[in-house]
Amino acid sequence: GIQVEQSPPDLILQEGANSTLRCNFSDSVNNLQWFHQNPWGQLINLFYIPSGTKQNGRLSATTVATERYSLLYISSSQTTDSGVYFCAVLGYGGSQGNLIFGKGTKLSVKP
Amino acid sequence: EPEVTQTPSHQVTQMGQEVILRCVPISNHLYFYWYRQILGQKVEFLVSFYNNEISEKSEIFDDQFSVERPDGSNFTLKIRSTKLEDSAMYFCASSDHGGFYEQYFGPGTRLTVT
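Residues numbered from 1 in each chain as written. Chains lettered and ligands numbered in written order. Predicted model: local features only at pLDDT ≥ 70, side-chain atom pairs only at ≥ 80, totals over all residues. Heavy atoms only, no water.

1. Focus: the environment of Q6 of chain B
Residue and element names in this part refer to chain B.
Part 1 of the reasoning: Along the chain, Q6 turns up in strand β1 (residues 5-7).
Part 2 of the reasoning: The exposure class of Q6 is buried, given its relative accessible area of 7%.
Part 3 of the reasoning: A polar contact of 3.0 Å, which involves the side chain of Q6, links it to the backbone nitrogen of C92. (Helix = DSSP H or I, 4+ residues; strand = E, 2+ residues; numbered from the N terminus. Buried < 20%, exposed > 50% of the residue type's maximum accessible area, 1.4 Å probe, protein only. Polar contact = N/O pair within 3.5 Å; in protein donor to acceptor, adjacent residues only side chain to side chain.)

Encoded structure:
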């Protein structure tokens, strides 16, 4: 099945810094989503981005489907950005919705 | 903005007991999912549900699990006889056009089996 790898596994930033999180996937995808898991365990939808670029405030994401990767940019990081960021994909020929998640990037933003 | 809701937020149960986790998907969505995340691990797919039947299920979704849409608004996950290893965060998700489209996740139910 499709493999999803995220990097880096851990990231520590000072408040105000910028960061780039990467998601590589091993095959073509129909669906790619980014999530933020907050310290309470809730999953927050960030982006649905099987291709192209989207922006939402300080966050933006780019997926280059032909090269099988996606990037999540966080600018001017805040302590509330701390948590785990997951990338999840649905491969071509996949089912009605079996999203495959990566292991996540754990982000800690220090004041 | 419409959202998926889940109840309870946290449930503690004893091994061998039955639990029912409840979800209210977004109202015009037709595809429903359950995922599970054991503490410290990645999120794993359990089951998808469309047109009142299971579309797909993972190896995790064995005979101890069942899903139901009892009344046209709720979507439930039942674990018949809980085990210690069922302790996890359970997420419900819904989508309007199937897996190719965005899945909207609920906040999760933390299940603790003692």
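2. Some words on the packing of aromatic side chains
All names here are of chain B.
Part 1 of the reasoning: One pass over the full model with this rule turns up 14 aromatic pairs over all chains.
Part 2 of the reasoning: Each ring, one from W34 and one from F75, has its centre 5.9 Å from the other, and the planes form 25 degrees; the classification is stacked. One end of the pair, W34, is in strand β4 (residues 31-37); the other, F75, is in strand β8 (residues 75-79), and 41 residues separate them in sequence.
Part 3 of the reasoning: A residue is classified by how much of its surface remains accessible, and W34, at 0% relative accessible area, is buried.
Part 4 of the reasoning: With 5.1 Å between their ring centres and 40 degrees between their planes, Y35 and F105 make a pair best called tilted. With Y35 in strand β4 and F105 in strand β10 (residues 104-105), the pair connects residues that are 70 residues apart, well separated along the chain. (Phe/Tyr/Trp six-rings, centres within 6.5 Å; stacked < 30°, edge-to-face > 60°.)

3. What about the pattern of salt bridges?
Residues and elements named next belong to chain A.
Part 1 of the reasoning: A complete count under the given rule lists three salt bridges over all chains for this structure.
Part 2 of the reasoning: For the salt bridge of D27 with R68, the shortest nitrogen-to-oxygen distance reads 4.0 Å. Of this pair, D27 sits in the loop between β3 (19-25) and β4 (29-37) while R68 is found in the loop between β7 (59-64) and β8 (69-74), placing the two residues 41 residues apart along the sequence.
Part 3 of the reasoning: Overall, the relative accessible area of 33% leaves R68 in the partly exposed class.
Part 4 of the reasoning: Among the ionic pairs, R58 bridges to D81, the shortest N-O distance being 2.9 Å. With R58 in the loop between β6 (52-56) and β7 and D81 in the loop between β8 and β9 (83-91), this residue pair connects regions lying 23 residues apart in the sequence.
Part 5 of the reasoning: On the basis of relative accessibility, which here comes to 7%, the residue D81 falls in the buried class. (Salt bridge = Lys/Arg side-chain N within 4 Å of Asp/Glu carboxyl O.)

4. Things to note about the nonpolar core
Part 1 of the reasoning: The biggest cluster of nonpolar side chains holds 22 residues, and the ones touching the most others in it are W34, F47, L72 and V89 of chain A.
Part 2 of the reasoning: At the level of secondary structure, the elements contributing two or more residues to this core comprise β2 (10-14), β3, β4, β5 (43-48), β7, β8, β9 and β11 (105-110) of chain A.
Part 3 of the reasoning: Residues contacting F47 of chain A, with those up to four places away along its chain left out, are L32, Q33, W34, K54, Q55, N56, L59, S60, A61 and L72 of chain A.
Part 4 of the reasoning: Of all hydrophobic cores here, the second largest spans 21 residues; its members include C23, I26, F61 and V113 of chain B. (Core = buried A, V, L, I, M, F, W, Y, C linked by side-chain atoms within 4.5 Å. Contact = heavy atoms within 4.5 Å.)

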